[in-house]
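# Fold and contact review
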Amino acid sequence: SSLLEFTKEEAMGRNLVMNFITEEFRDSVKEVLHQALKGNETANFEFPLFNKSGERRDILLNATTRRGPDGEITGVIGVG
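Nothing here was measured: the structure is a model prediction, and the numbers come from that model. (Residues numbered from 1 in each chain as written. Predicted model: local features only at pLDDT ≥ 70, side-chain atom pairs only at ≥ 80, totals over all residues. Heavy atoms only, no water.)

## Quick notes on the packing of aromatic side chains
Geometrically, a pair of aromatic rings is defined through the distance of the ring centres and the angle of the planes. To keep things clear, this is the line we draw: Any Phe, Tyr or Trp ring, taking Trp's six-membered ring, that has another such ring centre within 6.5 Å forms a pair; planes under 30 degrees apart are called stacked, those over 60 apart edge-to-face, and the others tilted. Helix and strand definitions here come from DSSP, where helices need a minimum of 4 consecutive H or I residues and strands a minimum of 2 consecutive E residues; each element is numbered from the N-terminal end. Exposure categories follow from relative accessible area, calculated using a 1.4 Å probe and restricted to protein chains: below 20% of the type maximum is buried, above 50% is exposed, and the middle band is partly exposed.
Under the defined criterion, the tally for this structure stands at two aromatic pairs. Measuring from centroid to centroid gives 5.1 Å for F6 and F20, while their planes differ by 80°, and the two rings are edge-to-face. Pair noted here: F6 is in the segment before helix 1 (8–11) and F20 is in helix 2 (residues 16–20), with a separation of 14 residues, a long-range link. Comparing F6 with F20, the two get one shared label, buried.

Structure, rendered in structure tokens:
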């Protein structure tokens, strides 16, 4: 959150795609995350975010499928 200048309280619980991704990239970021939930991971997906001050920050995202002990998909880990 320091890269984007939002506090933890401002960022937690908010929808990443709808609140922090520019409109032109929302569908593609949503699709990357959806694919990771299906087990199809994505590496080095680049998209811009804008920080609280309005400055553009280019993000390189790796979306990895998170699995429970039984191998079932439980979520997505996004590192950018």
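## Some remarks on the sheet that holds strand 3 (residues 73–79)
Stated precisely, the cut-off is as follows: A strand pair is defined by DSSP finding two or more bridges across the two strands. Here the axes come from fitting lines to C-alpha atoms, over the contacting stretch only for helices, and the angles between their N-to-C directions go from 0 to 180 degrees.
Strand order in this open sheet of three strands is 1-2-3, and the pairing throughout is antiparallel. Single-partner strands in this sheet number two, and they are strand 1 (42–50) and strand 3. Averaged over all adjacent pairs, the angle separating strand axes in this sheet is 35°, with direction ignored. Bridge analysis of strand 2 (residues 56–67) against strand 3 gives six bridges, and the strand direction is antiparallel. Note on strand 3: the bridge partner recorded for N62 is V79.

## A word on the pattern of salt bridges
Stated formally: Should a side-chain nitrogen of Lys or Arg be within 4 Å of a carboxyl oxygen of Asp or Glu, the pair is scored as a salt bridge.
According to the stated counting rule, one finds three salt bridges in the structure shown. Between K52 and E10 there is a salt bridge, with its nearest N and O atoms 2.6 Å apart. Pair noted here: K52 is in the loop between strand 1 and strand 2 and E10 is in helix 1, with a separation of 42 residues, a long-range link. The class of K52 is partly exposed, set by a relative accessible area of 46%.

## A word on helix 3 (residues 23–37)
Applicable threshold: To estimate how far a helix should extend, the number of its residues minus one is multiplied by 1.5 Å. The directions considered for the arc are those from the helix axis to the C-beta atoms. By definition, residues are in contact when any of their heavy atoms lie within 4.5 Å.
Between its first and last C-alpha, helix 3 extends 22 Å over 15 residues, near the 21 Å set by a 1.5 Å rise per residue. Every buried residue of helix 3 is listed here: V29, V32, Q35 and A36. Across the axial projection of helix 3, the buried residues extend over an arc of 120°, all falling on one side. Opposite its buried face, helix 3 presents the exposed residues E23 and D27, each directed more than 90 degrees away. Those residues of helix 3 that are buried are in contact with helix 2, strand 1, strand 2 and strand 3. Backbone geometry just downstream of helix 3 places G39 in the positive-phi region, at approximately 100°.

## Thoughts on the confidence of the model for the protein chain
Let me state the cut-off plainly: A residue's pLDDT is the confidence the predictor assigns to it, expressed on a 0 to 100 scale.
The share of residues in the protein chain with pLDDT of 70 or more is 99%, and the mean pLDDT across the chain is 90. Confidence, expressed as mean pLDDT per element, reaches its minimum in the protein chain at helix 2 with 86 and its maximum at helix 3 with 93.

## A closer look at the side chain of T22
As for its position among the elements, T22 is in the loop between helix 2 and helix 3. A relative accessible area of 13% means that T22 is categorised as buried. Residues in contact with T22, not counting those within four places in the same chain, are P48 and F50.

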